[in-house]
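Remarks on the overall topology
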Amino acid sequence: MSEMQNENEQSFAEMLEASLISIHKGEIIEGTIIGVNADEIYVNIGYKSDGIIPKSEFSNYPTVNLSDLVTVGNKIRAKVLRVNDGEGQVLLTYKRLKAEDGMKRVEELYKSGEEVTAKVSLVLAGGLVVIIDEVRVFIPASLVSDSYVSDLSEFKDQELTFIISEFNTKKGRIIGNRRILLEKEKSSMQVEIFKNLEVGAVLEGTVKNITDYGVFVNLDGVDGLVHISELSWGRVKSPKEVVKINEKVRVRVISINQEKKKISLSMKFDAENPWNDAANKYAVGNVVTGRVARMTDFGAFIELEEGVDALLHVSQISIKHVEKPSDALTVNQVIEAKVTDLNLDEKKISLSIKGLELEREEENKEETVEVEDSKEVLTEAVDKEEEVKEVKEEVEASEAEEVKTETTEEA
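A brief look at the structure comes next. In this text the structure is predicted, and so the values were computed from the model without any measurement. (Residues numbered from 1 in each chain as written. Predicted model: local features only at pLDDT ≥ 70, side-chain atom pairs only at ≥ 80, totals over all residues. Heavy atoms only, no water.)

With that settled, the discussion passes to the pattern of salt bridges. Taken as a whole, this structure holds 16 salt bridges when the rule is applied. The partner of Glu305 in a salt bridge is Lys281, with the nearest N and O atoms 2.7 Å apart. Of this pair, Glu305 sits in strand β17 (residues 299-305) while Lys281 sits in helix α5 (residues 278-281), and the two are 24 residues apart along the sequence. A relative accessible area of 23% means that Glu305 is categorised as partly exposed. Overall, the relative accessible area of 33% leaves Lys281 in the partly exposed class. With a shortest N-O distance of 3.0 Å, Glu303 and Arg291 are connected by a salt bridge. Taken together, the residues Glu303 in strand β17 and Arg291 in strand β16 (residues 287-295) connect sequence positions twelve residues apart. Glu303 gets classed as partly exposed once you look at its relative accessible area, which sits at 23%. Salt bridges here are not isolated pairs; linked through shared partners, they connect Asp146, Lys186 and Asp223. (Salt bridge = Lys/Arg side-chain N within 4 Å of Asp/Glu carboxyl O. Helix = DSSP H or I, 4+ residues; strand = E, 2+ residues; numbered from the N terminus. Buried < 20%, exposed > 50% of the residue type's maximum accessible area, 1.4 Å probe, protein only.)

Structure representation (structure tokens):
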């Protein structure tokens, strides 16, 4: 009986062994998902041990949630990495199998030049990594945009549309190019915009880039340059003092180069030109107030208002001799001076503190003379009044004496 039981058990074991498949490394198999957690997927592959797909072998996206992507009971194809993972289980990979199929698709995309859209999975210092059917595609920083991008992190988790511009599996180089599509789109937009653009047109744009020499403003897909000299009627040391990236600005078209596809813009408008009323405000003889903006050996430049500077020559700083402007003035000092010359054509104004001082000195002398004259007149009037008073007293005394004499004679 015992021998029969052993034979039955042996026969059952043999039958079970015979019913199980044999697997080999690199083999592609199909199984049924029997379990899933945050880190692994368990698969019944009809073998004496279950297969395991680690999260890292399921997808190249490190943040995926396995429970959202697979369901217990569903079928799944995978590739055998190791028959025994060290714990008696079969190590499987899903992403590598999918990547093999994906590689064929990526090659087809490269050959056809077809556009493809994929999500950015990784931001590196030199570019972006996107994944197409588990195939890693690298988009270098220089091919991410049609303009310089200082911080690539703005593309994190974004979906980008690009083409495969290089496919070399031997060197492991699969390169994506987004820039070429943006340039193509911009080129078609430029044709339309340049067709309708006119010198003098006033438009609204967005500041896209700031350089030392000016600001690039995007006008619905076409960039125009506002040179530093066209940012303000006043003096500008740095464009960053006037505008910020992504700021909306109002600009005026001052020139168009159809051949080179270049647009020159200005943020200066004639209605705001401070020289419009200069003939009245800064007429020769007017006394004006200004701020010392900068100094040279020959004089100081005085800012009368934003966009209007005047020259105060060193010889006109004071009645006293001044060797150099910095001996008498300081930057940002507020001064008062007289306009001695105005040239509207060349937009030049000359000032003089010396002339104003001389004029006021003369006025003070005249006032002093007037006061002295008034004092003299007053003194003469007082003297005459005293004289009249004395005469009156003499007359009254004489009359009194005569009355007294007549009275005595009558008596």
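Read on for the rest.
With that settled, consider the nonpolar core. Nonpolar side chains tend toward joint burial in soluble globular proteins. Grouped together as the largest cluster of nonpolar side chains are 23 residues, with contacts concentrated most on Ile132, Phe162 and Ile164. Those elements that place two or more of their residues in this core are α3 (95-112), β6 (116-124), β7 (127-132), β8 (135-140), β9 (159-168) and β10 (173-177). In terms of residue count, the dominant contributor to this core is β9 (four residues). Excluding residues that lie within four positions of it along the chain, Phe162 makes contacts with Glu114, Glu115, Val116, Ala118, Val130, Ile132, Val137, Ile139, Gly176, Asn177, Arg178 and Leu181. (Core = buried A, V, L, I, M, F, W, Y, C linked by side-chain atoms within 4.5 Å. Contact = heavy atoms within 4.5 Å.)

It is worth spelling out the environment of Glu198 at this point. Within the fold, Glu198 resides in the loop between α4 (179-196) and β11 (202-210). Residue classification places Glu198 among the exposed positions, given a relative accessible area of 55%. Taking the C-alpha atoms as reference points, Glu198 and Ser255, separated by 57 residues in sequence, lie 8.4 Å from one another. Those residues within four positions of Glu198 in sequence are excluded, and the remaining contacts are Val253 and Ile256.

Phi angles above zero are rare outside glycine, and Lys261 is one such case at about 55°. Topologically, Lys261 is positioned in the loop between β14 (248-257) and β15 (262-266). In this structure, Asn332 is a non-glycine residue whose phi angle is positive, near 80°. With respect to the helices and strands, Asn332 occurs in the loop between β18 (308-313) and β19 (334-343).

Moving on, we come to the sheet that holds β19. Spatially, β16-β17-β18-β20-β19 is the arrangement adopted by the five strands of the closed barrel, whose pairing is mixed. The sheet shows a mean angle of 50° between the axes of neighbouring strands, direction not considered. (Pairing = 2+ DSSP bridges. Axes fitted to C-alpha atoms, helices over the stretch in contact; angles between N-to-C directions.)

What describes a pair of aromatic rings is the distance from one ring centre to the other and the angle between the planes of the rings. Tallied over the entire structure, the rule returns four aromatic pairs. With 6.1 Å between their ring centres and 25° between their planes, Tyr110 and Phe167 make a pair best called stacked. Placement of Tyr110 in helix α3 and of Phe167 in strand β9 is noted, with a sequence separation of 57 residues between them. By relative accessible area, which is 16% here, Phe167 ends up buried. Seen in terms of ring centroids, Tyr213 and Phe216 are 6.3 Å apart; in terms of plane orientation they differ by 85°. Their pairing is edge-to-face. Stacked on the ring of Phe194, the Lys or Arg Lys261 has its end atom at 5.0 Å from the ring centre. (Phe/Tyr/Trp six-rings, centres within 6.5 Å; stacked < 30°, edge-to-face > 60°. Lys NZ or Arg CZ within 6 Å of the ring centre and 35° of its normal.)

Moving on, we get to the pairing of strand β20 (residues 348-352). In the sheet, β18 pairs with β20 via two bridges, with the strands oriented parallel. Bridge pairing links Leu312 to Leu351 in β20.

Another aspect to go through is α3. The α-helix advances 3.6 residues per turn, and as a result positions three or four apart in sequence lie on the same side. Helix length check: α3 (18 residues) gives 25 Å between terminal C-alpha atoms against 26 Å at 1.5 Å per residue, within 8%. Where α3 bends most, at Asp101, the angle is about 25°. Buried within α3 are the following residues: Lys95, Leu97, Ala99, Gly102, Val106 and Leu109. (Expected span 1.5 Å × (residues − 1). Bend = angle between axes of the 7 residues up to and from the residue.)

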